Amino acid sequence: MLFVVIAMLLSLAVAGLVVAYVAFPHRGETMPAVPWLGDALGRAVDAVPTLDEDEVDLLKVR
């Protein structure tokens, strides 16, 4: 039971971070209450490797 509660709290925390990123830094705005969180999310997204449009097309061919 404790594992389920911890897993649910972790899932809610990750979902909250995703919503916070999509609502503000993804659109180029600063987060009103906690600007340091928006900066941290922006740096984290820049560090993650992404696929370009031509790379996505190559994956579809396979």
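The following refers to the structure shown. (Residues numbered from 1 in each chain as written. Predicted model: local features only at pLDDT ≥ 70, side-chain atom pairs only at ≥ 80, totals over all residues. Heavy atoms only, no water.)

### As for the overall build of the protein
- Counting its regular elements, the protein contains 3 helices and 0 strands.
- Ordered by position from the N terminus, the helices and strands of the protein form the series α-α-α.
- Here the C-alpha atoms of the protein give a radius of gyration of 16 Å, more than 25% beyond the 11 Å that 2.2 N^0.38 yields for 62 residues.
- Taken over the C-alpha atoms alone, the protein extends approximately 45 × 35 × 15 Å along its principal axes.
- The 62 residues of the protein split such that 8% are buried.
- For the protein, the computed accessible surface area is about 5,500 Å², with 70% contributed by carbon and sulfur atoms. (Helix = DSSP H or I, 4+ residues; strand = E, 2+ residues; numbered from the N terminus. Rg over C-alpha atoms; globule rule 2.2 N^0.38 Å. Buried < 20%, exposed > 50% of the residue type's maximum accessible area, 1.4 Å probe, protein only. Areas by Shrake-Rupley, 256 points an atom, 1.4 Å probe, with all protein chains shown as cover.)

### With respect to a negative patch on the surface
- A cluster of acidic residues, D52, E53, D54, E55 and D57, forms a negative patch on the protein surface.
- Mapped onto the elements of the fold, D54 is located in helix α3 (residues 53–61). (Patch = residues over 30% accessible without salt bridge, like charges linked within 9 Å, V, L, I, M, F, W, Y side chains within 5 Å. Salt bridge = Lys/Arg side-chain N within 4 Å of Asp/Glu carboxyl O. Lys, Arg positive; Asp, Glu negative; His and termini not counted. Charge placed at Lys NZ, Arg CZ, Asp CG, Glu CD.)

### Considerations on a nonpolar patch on the surface
- A grouping of M1, V5, L9 and L12 is seen on the molecular surface, where their side chains present a nonpolar patch of about 480 Å² in accessible area.
- You can see L9 is positioned in helix α1 (residues 2–23).
- According to the relative accessible area criterion, L9 is exposed, its value standing at 55%.

### Overview of the environment of F24
- Looking at where F24 falls in the secondary structure, it is placed in the loop between α1 and α2 (35–47).
- By relative accessible area, which is 25% here, F24 ends up partly exposed.
- F24 sits 27 residues away from L51 along the chain, and the two C-alpha atoms are 22 Å apart.

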